Amino acid sequence: MATIFTKIINKEIPADIVYEDDLCLAFRDINPQAPVHILIIPKKPLSILNDAEIEDQQLLGHLMLAAIKIADKEGVADAFRLVLNNGAGAGQEIFHMHFHLLAGRPFSWPPG
Ligand code: 5GP
């Protein structure tokens, strides 16, 4: 089912886009949890990481390599956290899989 992220991909609603290529889009989170909080999403509408198949192997790697590029562009390549909430029980609210790239403040472990 299409989510608000599909509308952002299609430029039907605005977002502060920081990176885009053929396979993915990255934009600032509307409710940032750190000075840098960017969502990295595949253009392919995978609802949840669990839906990924072997054919998505390259896409998943692509998203992580995009994260490195974006972190570098944001000046936070030395310390960032990449988070993926897989399923409602893990905190996923938007069912279009995405990585959160968080940086710019200290992080504790384990995460809350
Ligand atoms: P989840 O909880 O699914 O892992 O993360 C969803 C994230 O999407 C949340 O951090 C939330 O703030 C962000 N978000 C929800 N709606 C919008 C929106 O319309 N625009 C942007 N830029 N971020 C959104």
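What this report covers is the structure whose coordinates are included nearby.

Procedures and definitions
- Residues numbered from 1 in each chain as written.
- Predicted model: local features only at pLDDT ≥ 70, side-chain atom pairs only at ≥ 80, totals over all residues.
- Heavy atoms only, no water.
- Helix = DSSP H or I, 4+ residues; strand = E, 2+ residues; numbered from the N terminus.
- Buried < 20%, exposed > 50% of the residue type's maximum accessible area, 1.4 Å probe, protein only.
- Contact = heavy atoms within 4.5 Å.
- Lys, Arg positive; Asp, Glu negative; His and termini not counted.
- Charge placed at Lys NZ, Arg CZ, Asp CG, Glu CD.
- 1 Å grid on protein atoms, 1.4 Å probe; cavity = no way out; pocket = protein on both sides within 12 Å on 5 of 7 lines; lining within 4 Å.
- Points joined across faces, edges and corners; volume = space filled by probe spheres on them.
- Pairing = 2+ DSSP bridges.
- Axes fitted to C-alpha atoms, helices over the stretch in contact; angles between N-to-C directions.

Turning our eyes to something else, we now look at the overall build of the protein. Helix and strand content of the protein: 2 helices and 5 strands. Dimensions of the protein along its principal axes, counting C-alpha atoms only, are 35 × 30 × 25 Å. Looking at the protein as a whole, 37% of its 112 residues qualify as buried. Here the analysis covers contacts within the protein between residues at least 6 apart in sequence; of these, 53% occur between residues at least 24 apart. Each charge class in the protein was averaged separately, 9 positive and 14 negative side chains, and the resulting centres sit 4 Å apart.

A few words on unusual backbone geometry. When glycine is set aside, most residues are seen to have a negative phi, and most peptide bonds are trans. Geometrically, the link from Trp109 to Pro110 is a cis peptide bond, its omega value of 5° lying close to zero. At Lys11, a position not held by glycine, the phi torsion is positive, near 60°. Its place among the elements puts Lys11 in the loop between α1 (4–9) and β1 (17–20). For Lys11, a relative accessible area of 47% translates into the label partly exposed.

With that settled, consider the layout of surface pockets. Considering only enclosed or pocket space, the largest pocket measures out at about 780 Å³ in volume. Taken together, 30 residues line the largest pocket, and the ones lying closest to its centre are Asp29, Asn31, His37, Leu39 and His100. Elements supplying a minimum of two residues to the lining of the largest pocket: α1, β2 (24–28), β3 (36–42), β4 (81–83) and β5 (99–103). In terms of residue count, the dominant contributor to the lining of the largest pocket is α1 (3 residues).

Moving on: the sheet that holds β1. One open sheet holds the 5 strands; their spatial order is β1-β2-β3-β5-β4, and the pairing between them is antiparallel. The two strands at the open ends of the sheet, each matched to only one other strand, are β1 and β4. The mean inter-strand angle of the sheet, taken between neighbouring strand axes irrespective of direction, is 20°. Seen against the sheet, helix α2 (residues 57–73) touches β1, β2, β3, β4 and β5 and runs at an angle of roughly 155° to β3.

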